[in-house]
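# Structural overview for review
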Amino acid sequence: MSETIHINDFADPRFTPEMSELIAAFDAAPPALDNDTFIRLAGERLDVPLDCDAGLLPRARSVIGQVLENGQVHGMGRITLQQNAVDGLVNSSRMNYLHKTFPEVGNTPLERPIIVVGMPRSGTTHLLKLLSIDESLRTLKRWQCYDPLPSRGMLEGSAVDNREEEGAFKDQMSDVMVPHMRGLFDVHAGDATEEIEI
């Protein structure tokens, strides 16, 4: 990014014109954060039955409630909360469908997984990138965090698995919305990454 970073007031930061336009649009029509909206939006994305863990929505409501209690959440924050709840419903439903349709998936052995755990900014990303160089290991890619499970159509071969391309598009959108995030977290859709999205 060639733009100058201006950090003069965290309470009133300067945004790019694109980001300012997005914030204004979401603030004008704040995204809904109710269970009916989550279920409707998840249903629009799913080609399998909505079948999620019974505790998922109460947990999502608890997280959202805590965030809203801690202060004003602008429209961009609300769309992030909404999307996280919907993603949880979609992924839970796809996981349940996968296990019901292909129960042998649950019998896949995991041989000595390496789990990297650490506090933010402690070097976990760098360690993971170093481990990912070893071709005998399989590491999680960022696009897989965004969209870890294929749709029914993808599983059955009637739809193209475009999750990697969708992940690259989400990366581009992130660069528009938070243009200097790469300075803190320079991970692209095809790179190995921590499991922070699932």
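What comes next concerns the included structure. (Residues numbered from 1 in each chain as written. Predicted model: local features only at pLDDT ≥ 70, side-chain atom pairs only at ≥ 80, totals over all residues. Heavy atoms only, no water.)

### Some details on the overall build of the protein chain
Assigned secondary structure in the protein chain consists of 8 helices and 0 strands. Listing the helices and strands of the protein chain from first to last along the sequence gives α-α-α-α-α-α-α-α. Dimensions along the principal axes, computed over C-alpha positions, put the protein chain at roughly 55 × 45 × 30 Å. A buried classification covers 28% of the 198 residues belonging to the protein chain. In the protein chain, once contacts between residues fewer than 6 apart in sequence are set aside, the share between residues at least 24 apart is 72%. Taken as a whole, the protein chain presents about 13200 Å² of accessible surface, with 56% of it coming from carbon and sulfur. A gap of 3 Å separates the mean positions of the 18 positive and 31 negative side-chain charges of the protein chain. (Helix = DSSP H or I, 4+ residues; strand = E, 2+ residues; numbered from the N terminus. Buried < 20%, exposed > 50% of the residue type's maximum accessible area, 1.4 Å probe, protein only. Contact = heavy atoms within 4.5 Å. Areas by Shrake-Rupley, 256 points an atom, 1.4 Å probe, with all protein chains shown as cover. Lys, Arg positive; Asp, Glu negative; His and termini not counted. Charge placed at Lys NZ, Arg CZ, Asp CG, Glu CD.)

### Points about the packing of helix 1 (residues 17–28) against helix 4 (residues 75–101)
Relative to each other, helix 1 and helix 4 sit at 75 degrees, their axes nearing to 7 Å. Here helix 1 is positioned roughly perpendicular relative to helix 4, judged by the angle of their axes. Seen from helix 1, the contacting residues are Met19, Leu22, Ile23, Phe26 and Asp27; seen from helix 4, they are Gly75, Met76 and Ile79. The residue inventory of the contact of helix 1 with helix 4, partitioned by class, reads 6 nonpolar, 1 polar and 1 charged. (Axes fitted to C-alpha atoms, helices over the stretch in contact; angles between N-to-C directions. Parallel < 35°, antiparallel > 145°, perpendicular 65-115°, else oblique. Nonpolar A, V, L, I, M, F, W, Y, C, P; charged D, E, K, R; others polar.)

### Regarding the nonpolar core
With 15 residues, the main nonpolar core has Leu33, Phe38, Ala42, Ile64, Val86, Leu89 and Val90 as its most contacted residues. Broken down by secondary-structure element, the contributors of at least two residues to this core are helix 2 (35–45), helix 3 (56–69) and helix 4. Broken down by element, this core gets its largest block of residues, 6 residues, from helix 4. The contact partners of alanine 42, leaving out residues within four places of it in the chain, are Leu50, Val86, Leu89 and Val90. (Core = buried A, V, L, I, M, F, W, Y, C linked by side-chain atoms within 4.5 Å.)

### As for a nonpolar patch on the surface
On the surface, Val178, Met181 and Leu184 cluster together into a nonpolar patch covering about 250 Å² of accessible area. Tracing the backbone through its elements, the reader meets methionine 181 in the segment after helix 8 (163–177). (Patch = residues over 30% accessible without salt bridge, like charges linked within 9 Å, V, L, I, M, F, W, Y side chains within 5 Å. Salt bridge = Lys/Arg side-chain N within 4 Å of Asp/Glu carboxyl O.)

### So, helix 8
Taking 1.5 Å as the rise per residue, helix 8 with 15 residues should run 21 Å; its terminal C-alpha atoms sit 21 Å apart, in good agreement. Along helix 8, the residues classified as buried are Arg163, Gly167 and Asp171. Each buried residue of helix 8 sits inside an arc of 95 degrees when the element is viewed along its axis, so together they form one side. Of the exposed residues in helix 8, the ones pointing more than 90 degrees away from its buried face are Glu165 and Gln172. (Expected span 1.5 Å × (residues − 1). Arc of directions from axis to C-beta.)

### Some details on unusual backbone geometry
Despite not being glycine, arginine 112 shows a phi value in the positive range, around 45 degrees. Tracing the backbone shows arginine 112 in the loop between helix 4 and helix 5 (124–132). By relative accessible area, which is 79% here, arginine 112 ends up exposed. One non-glycine residue, arginine 121, adopts positive backbone phi at about 70 degrees. One can find arginine 121 in the loop between helix 4 and helix 5. Looking at arginine 121, the relative accessible area reads 65%, which means it is exposed.

### Considering the pattern of salt bridges
Two side chains with opposite charge may pair up if their charged atoms get near one another. For the structure shown, the criterion picks out 7 salt bridges. Residue arginine 142 pairs with aspartate 171 through a salt bridge whose shortest N-O separation is 3.9 Å. Of this pair, arginine 142 sits in helix 6 (residues 142–146) while aspartate 171 sits in helix 8, placing them 29 residues apart in sequence. By relative accessible area, aspartate 171 is classed as buried at 6%.

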